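Commentary on secondary and tertiary structure
Chain residues, written in single-letter form:
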Amino acid sequence: MDRRTLLTGIAGGLLAAGTTPAFASRARRVLHVRPGGSVQAAVDAVTGPGWTIVVHPGTYREVVDVPATARELTLRGATGDPRDVVIVHDNANGTQKPDGSGTYGTAGSATFTSAAPGLTVSDLTLANDWLRADHPEITGTQAVAAYVTGDRSLFHRVRLLAHQDTLFADTTALGCFDRQYYLDCSIEGDVDFVFGRATAVFEGCHFHTLDRDVTFKPEGMVFAPSTARANPRGFLAVRCRVTSGAEDGAYKLARPWVPSYETTAWPSLVVRDSWLGPGIDAVAPYTNMRDAYPWQSMRFREYRNTGPGAAITVPENRPRLSDEEAALHTRQTYLGDWRPRVPH
């Protein structure tokens with residue numbers, strides 16, 4: 001089943017996005033968006049910090065961009081079930097812009113973009129349903145579901161769906177160590193589908209690797225951090241699980257991303273207390289993106305993982321934390337003085 005079939009099935013078809021949100025109460029700073037309305041129009045109507053946008057069941061085919069000025073914004077699905085509310089579009093890195101000014105690029109392909117500090121997103125789906133098979137002429141096949149910068153960004157019970165580069169967890173600038181927290185989220189894709197330089201904690205999340213119609217291995221990688229060298233913390237996955245729609249051993253857990261525009265990066269990833277399914281290559285779970293930056297020189301560590309994909313058969317291929325080191329890699333140490341207020 002391809003992405004568009006899946007999205008149509010769970011949301012009852014693709015509904016046109018209008019231009020005007022429905023206002024519930026300016027006094028309470030709450031906006032409601034219903035089918036036929038536009039999430040972006042609601043974002044544009046936000047004036048100052050602390051607004052809430054409630055999105056009612058439906059599929060909203062549009063691009064949503066939350067500016068840095070929309071501080072402390074909450075965007076949530078109305079029912080509490082993330083399958084009921086889907087925000088989806090289909091741009092890729094190599095998609096030509098309508099104005100003829102070039103292609104979107106990786107970050108520009110995102111269905112959802114936010115630079116707002118204090119953002120909370122809950123109980124909805126963010127998806128990019130661009131498919132390689134539909135566009136064989138495009139070589140820039142990165143197609144982002146969410147591009148997130150800005151400090152203190154919280155995602156709770158959010159489904160993030162795409163293929164290559166699903167979640168771009170980044171920072172506003174190289175010298176900013178913006179913090180992001182993903183709690184009880186579902187994230188799926190194939191190549192490097194969780195990537196970027198943010199300080200990001202994934203707790204209780206489900207990562208699912210898709211089956212690709214290719215003849216080579218690996219089919220893809222879950223993580224591709226690009227942590228700034230000065231940042232002591234990158235990606236942390238704790239009490240998560242990794243499942244796969246591909247054959248056993250078809251995926252790597254991670255590879256380091258050292259961007260050509262940021263060659264000082266020193267990628268950091270810790271996966272701990274998590275279940276790794278058989279889709280992960282247990283013998284060699286890491287690989288290089290470029291041989292000039294070998295994964296062995298990066299900050300990749302594991303701790304007390306279980307499951308067939310976590311089996312230690314070649315110890316030098318699975319660098320591990322000691323108990324003392326593990327105490328430095330927790331949600332609390334990564335998020336510091338930020339205590340996320342999880343919506344209920």
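Residues numbered from 1 in each chain as written. Predicted model: local features only at pLDDT ≥ 70, side-chain atom pairs only at ≥ 80, totals over all residues. Heavy atoms only, no water.

Looking at the layout of surface pockets
Heads up, the rule is: Residues are said to line a cavity or pocket when one of their atoms sits within 4 Å of a point; the points come from a 1 Å grid over protein atoms alone, cavities being sets where a 1.4 Å probe fits but cannot get out and pockets being open sets with protein on both sides within 12 Å along at least five of seven lines. Grid points are joined across faces, edges and corners, and a volume is the space filled by probe spheres set on the points. Only Asp, Glu, Lys and Arg are considered charged in this grouping, and only Ala, Val, Leu, Ile, Met, Phe, Trp, Tyr, Cys and Pro are considered nonpolar; every other residue, Gly among them, is considered polar.
The volume enclosed by the second largest pocket comes to roughly 210 Å³. Lining the second largest pocket are E72, L73, T74, G118, L119, T120, R152, L154, W338, R339, P340 and R341. A class-by-class count of the residues in the lining of the second largest pocket yields five nonpolar, three polar and four charged.

Regarding the nonpolar core
Cut-off, in case you're wondering: Side-chain atoms within 4.5 Å are what join buried Ala, Val, Leu, Ile, Met, Phe, Trp, Tyr and Cys residues into a set we call a nonpolar core. Each residue is placed in one exposure class: buried if its accessible area under a 1.4 Å probe, protein chains only, is under 20% of its type's maximum, exposed if it is over 50%, and partly exposed if it falls in between. Note on definitions: a residue-residue contact is assigned when non-hydrogen atoms from the two residues lie within 4.5 Å.
One finds Y182, F202, F207 and F223 to be the most contacted residues of the largest nonpolar core, which totals 63 residues. Not counting residues within four places of it along the chain, the set of residues in contact with F207 comprises I187, F193, V194, F202, V222, F223, C240, R241, V242 and T243. V270, Y334, L335 and W338 belong to the second largest nonpolar core, which has 13 residues in total.

Observations concerning the confidence of the model for the protein chain
Here is the rule: As a per-residue measure, pLDDT tells how confident the predictor is, with possible values from 0 to 100.
Mean pLDDT over the protein chain: 93, with 92% of residues reaching 70 or higher. This stretch, residues 4–22, has a pLDDT under 50; its non-local contacts, to residues over four places away or in other chains, come to 47 contacts.

Notes on the environment of D165
The test is simple: For the purposes of this entry, the term helix denotes a DSSP run of H or I that reaches at least four residues, the term strand denotes a run of E that reaches at least two, and both are numbered from the N terminus.
Examined against the element boundaries, D165 turns out to sit in the loop between strand 13 (159–161) and strand 14 (167–169). For D165, a relative accessible area of 6% corresponds to the buried category. For D165 and H208, which are 43 residues apart along the polypeptide, the C-alpha to C-alpha distance reads 13 Å. Every residue in contact with D165, bar those within four places of it in the chain, is listed here: T106, Q142, A143, V144, A145, V191, D192, F193 and F195.

Remarks on the sheet that holds strand 5 (residues 64–66)
Selection criterion: At least two bridges found by DSSP between two strands is the condition for calling them paired. To define axes, lines are fitted to C-alpha atoms, for helices over the stretch in contact only, and angles between the resulting N-to-C directions are given on a 0 to 180 degree scale.
Within the open sheet, the seven strands sit side by side as 5-8-11-14-17-20-23. Their pairing is parallel. One side of each edge strand has no neighbouring strand; the edge strands of this open sheet are strand 5 and strand 23 (251–254). Averaged over all neighbouring strand pairs, the angle between strand axes comes to 15°, with direction disregarded. Strand direction decides the pairing type here: strand 11 (residues 146–148) and strand 14, joined by three bridges, are parallel. Its bridge partner being in strand 14, V148 is matched across the sheet by A169.

Quick word on the pairing of strand 10 (residues 125–128)
Along strand 10, one buried face is formed by T125 and A127 and the opposite face, lined by L126 and N128, is buried too. Looking at chain direction, strand 7 (residues 85–89) and strand 10 are connected through four bridges and run parallel. Paired with H89 across the two strands is N128, which belongs to strand 10. Where strand 10 lies against strand 13, three bridges are found, and the strand directions are parallel. Bridging from a neighbouring strand, T125 pairs with R159 of strand 13.

Quick look at the pattern of salt bridges
Pairs can form between side chains of opposite charge once their charged atoms are near each other. Formally: A carboxyl oxygen of Asp or Glu within 4 Å of a side-chain nitrogen of Lys or Arg is what we treat as a salt bridge.
All told, the structure shown has 18 salt bridges when counted by the stated rule. Residues E72 and R152 are paired through a salt bridge, measuring 3.1 Å at the closest nitrogen-oxygen approach. Within this pair, whereas E72 is found in the loop between strand 5 and strand 6 (74–77), its partner R152 is found in the loop between strand 11 and strand 12 (153–156), the two being separated by 80 residues in sequence. The shortest N-O distance in the salt bridge between R304 and D273 comes to 3.1 Å. One end of the pair, R304, is in the loop between strand 26 (299–303) and helix 4 (323–326); the other, D273, is in the loop between strand 24 (268–272) and strand 25 (275–276), and 31 residues separate them in sequence. Classification of R304 by relative accessible area gives exposed; the value is 56%. With relative accessibility at 22%, the residue D273 sits in the partly exposed group. Three or more residues are tied together by salt bridges with common partners; here these are R61, D90 and D129.

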